[in-house]
Amino acid sequence: MIPVSLVVVVVGGWTVVYLTDLVLKSSVYFKHSYEDWLENNGLSISPFHIRWQTAVFNRAFYSWGRRKARMLYQWFNFGMVFGVIAMFSSFFLLGKTLMQTLAQMMADSPSSYSSSSSSTSSSSLHNEQVLQVVVPGINLPVNQLTYFFAAVLVSGVVHEIGHGIAAIREQVRFNGFGIFLFIIYPGAFVDLFTTHLQLISPVQQLRIFCAGIWHNFVLALLGILALVLLPVILLPFYYTGVGVLITEVAEDSPAIGPRGLFVGDLVTHLQDCPVTNVQDWNECLDTIAYEPQIGYCISASTLQQLSFPVRAYKRLDGSTECCNNHSLTDVCFSYRNNFNKRLHTCLPARKAVEATQVCRTNKDCEKSSSSNFCIIPSLETHTRLIKVKHPPQIDMLYVGHPLHLHYTVSITSFIPRFNFLSIDLPVVVETFVKYLISLSGALAIVNAVPCFALDGQWILNSFLDATLTSVIGDNDVKDLIGFFILLGGSVLLAANVTLGLWMVTARSCCWTT
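Per chain, the residues get numbers from 1 upward, laid out in the order the sequence is written. For a predicted model such as this one, the threshold for reporting local features is a pLDDT of at least 70, and the threshold for listing and counting side-chain atom pairs is 80 or more; totals across whole chains, interfaces and linings nevertheless cover every residue. Based on all heavy atoms of the structure, the side-chain values leave hydrogens and waters out of the count.

What to know about the pairing of strand 10 (residues 295-299)
Relative accessible area decides the class of each residue, using a 1.4 Å probe on protein chains only: under 20% of the type maximum gives buried, over 50% gives exposed, and in between gives partly exposed. Each helix is a run of DSSP H or I of at least 4 residues and each strand a run of E of at least 2, with the numbering of both proceeding from the N terminus. Counting buried residues in strand 10 gives four out of five residues, a clear majority hidden from the surface. When strand 10 meets strand 16 (residues 372-377), the two strands line up antiparallel, connected through four bridges. Residue pairing in the sheet places I298 in a bridge with F373 of strand 16. Any two strands with at least two DSSP bridges between them are considered paired.

With respect to the pairing of strand 17 (residues 384-389)
The element strand 17 is extensively covered by neighbouring structure, given that five of its six residues are classed as buried. In terms of strand pairing, strand 8 (residues 269-270) meets strand 17 through two bridges, oriented antiparallel. Paired with L270 across the bridge in strand 17 is V388. Two elements, strand 17 and strand 18 (residues 396-400), share five bridges in a ladder whose sense is antiparallel. Its bridge partner being in strand 18, L385 is matched across the sheet by V399.

Quick notes on the environment of P236
With respect to the helices and strands, the residue P236 is situated in the loop between helix 9 (202-233) and strand 5 (238-239). Residues P236 and V154, 82 residues apart in the sequence, show an inter-C-alpha distance of 27 Å. Should any heavy atoms of two residues lie within 4.5 Å, those residues are counted as being in contact. If sequence neighbours within four positions are ignored, P236 has contacts with R417 and F418.

With respect to the domain arrangement of the protein chain
For the protein chain, the assigned domains are domain 1 (4-47), domain 2 (59-103 + 133-232 + 430-493 + 505-511) and domain 3 (242-416). Placing the centre of domain 1 and that of domain 2 at their C-alpha centroids yields a distance of 31 Å. Bear in mind that the domain bounds are from an automatic or database domain assignment.

This is the structure in structure tokens:
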């Protein structure tokens, strides 16, 4: 759920701003000077909305828009083609997303979320939708809000820069550039002279209206390129390919403890699965979570020395327990003796699995000695015993759900070459670039939708003017066609947002009860 403190700060902050604005505008002494100050500084304040506009950047925009006119002409022609294709493709994408959401609603029910939250969250990692509704505090971690809002602002600024340069290229007067804050969401805008915009041809209008989503698409591509080349870019300062570096361990993580993981540890293996980067870490945890618990080879003499008489009993999930429930060091193991009979024994976990090879059956242990057994931890469903190698420290033995290790331990593939370098810098850069790719790409897709008040509305109108004017002489018929397309796009987008919000809030409610 959204933290109460965040809501209080946002509402309280807006209340103070708006009440101050209201008092000053109502004051006999300060009204005129305050309104003049707002106007001179390009500020506008209304409930939950602050807007700032300036002409300071006009010279830079005119310089960009008039430089290399032929190259810009081709650039925005590509953008026009992309925008038209994106507008029609958005119907297919939104339709597919809506079908995926409906399929999830039919397959899952709120009552099943609370009983199978771990498996549901696990499967969601492999069935991500292209478009998802993002709600801060629910499916967007509060500690990543800075990345989110910074990426939103950068994407919005780049989007509006595209519109502004294209407008100047098409001889439309540019009045100014501005940014705004709506509730907690930042954004940007450009102020164009409307009369000039209406006088140019539909094709010229298309270049201007498509420029925003075109620049967002290019920004997303550049972000992908930067993400791929990040190891090369940071090579003089950080190296990769030898493991993952622990950057943070949550306070409630099962990995915390005297023999747990600490910031700065380098993890090289999870069980017998080698870990060289973040992707390996995630894949190893997925493999461990979905495959049966792996076992460990132990000699008959060691097994006899460590084991003691136990009383085995069945847990509710069908697994077998044979140790004291309050024991923090002993684990129940199962194995098959020479007569292929399954037995259970309670062993000190670290002594039983230390310096041993992994196995599935007794045959895997016969390579070293025929008197070896493959002992397999007998744990609850979804629980695993995982040996985490982080030399030179002693191996950590983790008992729990692999996803808990995934969500409570932060890692990076970048290892500093020098002690004075921050281990968090590559993580910050990488996380921001990922948000920039996602949000800039999403802004390109959503803004291309032929929906009222979005770029897609103006792209559609200009496209119909450019293509149907010579075919359909009656403007009313052309406008009617455009209206129904806009209505369909608006309904489709609204349905996706509404159902997406319902899915996010319903699952969050059920997971937290």
